[in-house]
Amino acid sequence: MSRALRKSSDLLFSGNRATIDAIRLAPPPSPLAPVDLSDPVKIHAVMDLASRIGDQLLTAGTSNSDTKAQIRSVMSAYGLNNTHVDITLNTIHIYSRFNENTPPTNMFRVVRQLSTDFSRITEVDRLIRSIVAGATPLEMAQKILFDIETSLLPYRNRYALASWGGFAAAVALLLGGGWAVAVVAGITTIFTMFANAWLASKSLPLFFQNVLGGFAAVIPAAVTYSIADRIDFYLPPSLIIGSSIVALLAGLTLVQALQDGITGAPVTSAARFYETLLQTGGIITGIAAGIQTMAVMGITLPPLDTSHTSGVLGSVTVQIISGAVATGFFCSACFCERRATVVASLTALIASVALFGVTNLLNWPGTFGVSLAALVVGLAGGLLSRRYMIPPQITAAAGITPFLPGLALYRGMSSVLNDQFVIGMSNLGLALTTATALAAGVVLGEWVARRIRRPRILHRYKQLRRPHVGSRRSSQPKPRMGTDGRVRQPLHWRRRRRNVSKSMWQLDSKMRASESELQQQEDHPAGTGEQ
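Cut-offs used in this document
- Residues numbered from 1 in each chain as written.
- Predicted model: local features only at pLDDT ≥ 70, side-chain atom pairs only at ≥ 80, totals over all residues.
- Heavy atoms only, no water.
- UniProt positions renumbered as here; feature names shortened; annotations may be inferred.
- Helix = DSSP H or I, 4+ residues; strand = E, 2+ residues; numbered from the N terminus.
- Expected span 1.5 Å × (residues − 1).
- Salt bridge = Lys/Arg side-chain N within 4 Å of Asp/Glu carboxyl O.
- Buried < 20%, exposed > 50% of the residue type's maximum accessible area, 1.4 Å probe, protein only.
- Contact = heavy atoms within 4.5 Å.
- Phe/Tyr/Trp six-rings, centres within 6.5 Å; stacked < 30°, edge-to-face > 60°.
- Patch = residues over 30% accessible without salt bridge, like charges linked within 9 Å, V, L, I, M, F, W, Y side chains within 5 Å.
- Areas by Shrake-Rupley, 256 points an atom, 1.4 Å probe, with all protein chains shown as cover.
- Core = buried A, V, L, I, M, F, W, Y, C linked by side-chain atoms within 4.5 Å.
- Domains from an automatic or database assignment.
- Pairing = 2+ DSSP bridges.
- Axes fitted to C-alpha atoms, helices over the stretch in contact; angles between N-to-C directions.

- In the annotation of an unreviewed UniProt entry, the protein chain is listed under the name Amino acid export carrier protein and assigned to Corynebacterium jeikeium.
- Here is the UniProt Subcellular location (unreviewed entry) comment for the protein chain, exactly as written: "Cell membrane".

### Structural notes on helix α7 (residues 157-174)
An α-helix turns once every 3.6 residues. As a result, residues three or four positions apart point the same way.
Then, in step 1: Here α7 contains 18 residues, and its C-alpha end-to-end distance of 26 Å stays within 8% of the 26 Å for a straight helix at 1.5 Å per residue.
Then, in step 2: One or two steps after α7, the chain reaches Gly176, where phi turns positive at roughly 105°.

### Describing the pattern of salt bridges
Then, in step 1: Evaluation of the coordinates by the stated rule reveals 9 salt bridges.
Then, in step 2: Lys143 is paired through a salt bridge with Asp147; the nearest N and O atoms lie 3.2 Å apart. Here Lys143 pairs with Asp147, and both are found in helix α6 (residues 138-149), just 4 residues apart, close to one helical turn.
Then, in step 3: Accessibility expressed as a relative area gives 51% for Lys143, which makes it exposed.
Then, in step 4: Residue classification places Asp147 among the partly exposed residues on the basis of a relative accessible area of 23%.
Then, in step 5: Arg272 is the salt-bridge partner of Asp260, the closest N and O atoms lying 3.6 Å from each other.

### Some points on the environment of Lys42
Then, in step 1: With respect to the helices and strands, Lys42 occurs in helix α3 (residues 40-59).
Then, in step 2: When the C-alpha positions of Lys42 and Leu138 are compared, they lie 8.7 Å apart, and in sequence the two are 96 residues distant.
Then, in step 3: Beyond its immediate stretch of four places on either side in the chain, Lys42 contacts Val35, Asp36, Leu138 and Glu139.

### Considerations on the packing of aromatic side chains
Then, in step 1: Considering all chains together, one arrives at 6 aromatic pairs under this definition.
Then, in step 2: Measuring from centroid to centroid gives 5.7 Å for Trp164 and Phe330, while their planes differ by 75°, and the two rings are edge-to-face. With a gap of 166 residues between them, Trp164 in helix α7 and Phe330 in helix α13 (residues 316-333) connect regions that are remote in the sequence.
Then, in step 3: The class of Trp164 is buried, set by a relative accessible area of 7%.

### Thoughts on a nonpolar patch on the surface
Then, in step 1: A grouping of Trp179, Val183, Ile187, Ile231 and Phe233 is seen on the molecular surface, where their side chains present a nonpolar patch of about 570 Å² in accessible area.
Then, in step 2: Within the secondary structure, Val183 sits in helix α8 (residues 179-201).
Then, in step 3: Take Val183: its relative accessible area is 44%, and that puts it in the partly exposed class.

### Re the side chain of Thr59
Then, in step 1: Among the secondary structure elements, Thr59 is positioned in helix α3.
Then, in step 2: Relative accessible area serves as the criterion here: at 6%, Thr59 is assigned to the buried category.
Then, in step 3: Once residues lying within four places of it in the same chain are set aside, the contact partners of Thr59 are Val111, Arg112, Gln113, Leu114 and Ser115.

### Details of the nonpolar core
Then, in step 1: With 115 residues, the main nonpolar core has Leu49, Ile53, Met75, Tyr78, Ile131, Ile241 and Ile287 as its most contacted residues.
Then, in step 2: Ranked by residue count, the leading element in this core is α7, at 10 residues.
Then, in step 3: For this core, the two domains that each supply at least three residues are domain 1 (9-150) and domain 2 (157-453).
Then, in step 4: Not counting the four nearest positions on each side in its chain, Ile287 is found in contact with Gly214, Phe215, Val218, Ile241, Ile245, Tyr410 and Met413.

### Observations regarding the sheet that holds strand β2 (residues 91-96)
Then, in step 1: Strand order in the open sheet formed by 3 strands is β1-β2-β3, with antiparallel pairing between adjacent strands. Two strands bound the open sheet, and with one partner strand each, they are β1 (83-88) and β3 (105-110). Strand-to-strand twist of the sheet, defined as the mean angle between neighbouring strand axes without regard to direction, takes the value 10°.
Then, in step 2: The pairing of β1 with β2 spans 6 bridges and is antiparallel. Within β2, the position partnered with His84 by the bridge is Tyr95.
Then, in step 3: Contacts between helix α4 (residues 64-77) and the sheet are confined to β1 and β2, with β1 contributing the most and set at about 150° to the helix.

As structure tokens, this is what we get:
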């Protein structure tokens, strides 16, 4: 029993730490790979590298406070300690004063629009970890970051579109729909995401893309409902619409907005929150336009019926599994790694069990159950992400997507258009409350995970103070030695990939090869060998 408890403790509270945790816990006290501070070119190169890394972090949805800490850590690793970093919405401003005899240096960078492409964030996380560990010189870090920025997607866009369709189908099953609802919702979402991607390539603002997405979600639902009603087949359009617009809600930045507000960035938080409300308003506008268009064409959608489910597929077990499957499809649509997909799906499965256990067994309100599910996503996802070396924001963004309030948005808009203003506004308020509860629960769970995640070295130090007889923990771990007799640096990116996603992180062998060549040149200088 004691051994099982000890292994459980090691699994949850020791082992790997997230990059941001390692930075906040013990920032580098001295530069591990310093540059020449008297050379302005080197100074600008370091600041440019740090700002480009911050660009990648903000694009993937990292909060302002975490991005600032990681930018400072990168500059400190190269010797720039007296720096100031300011991030306001999509701008990064870096100020550095490294010498009293020279004027300060400033760097300004504008971040492009946030996206749900997580294919690069894991590689950037490994790069930051290596820079802070002193294992990557400046020139090599610049080359690696350039390779990350210009790297191709792991697979083609058509697979991402198919994943969006699978995501909507799984959400339909999560809401209690049957196979017909899942098929229609999946096809509708594939068309919607394809149209939005094409319009985005034409630089159409995201607001109008969401208007089109909300409109396109209503038309197939109304047409299929009219056909199914004639053949006496139950096909609720509300579940189709609610499942289809969840894919649009998944790309919004509510979690990041609330996290910025909690961690001391109120200006950025207010801007992102307003942006989220505006984009959600576009979805609502599209739904309203679709309902009115169908009414003009003679197709009146029925009121929302939440008490009916379609056969055995409406069981709680199917809904719980559907939540995990929806998260897996979302990760595939966002080009996540397989390890991140598995961890996020497992987190969503645990959260779904918590949600349906609270709402069905204890009969607690749905908002409380959603808050508990989000708390589980933040806590369990944070612990598992740190255990398996995954950026925590991937798990947080993917884990809450099955619980986004798409059905409440549709019900509120439908009620308002049917002269039920009080019911409609209460449902829109419920949707906003649910979204805020999801964001707050994830932030709180992530905060708890960050506080209880202890580094392994402290745990082993306690074991060394009280050694156990016959235990392997009584001896310190031996350093890993390379073939050349040197201690290997803690590079965490050495893993195999296939095809276009072949790993570029084979730096140990390259560094050893370059070092051996230099050693041979020193041992046999030019002109001393045989002529």
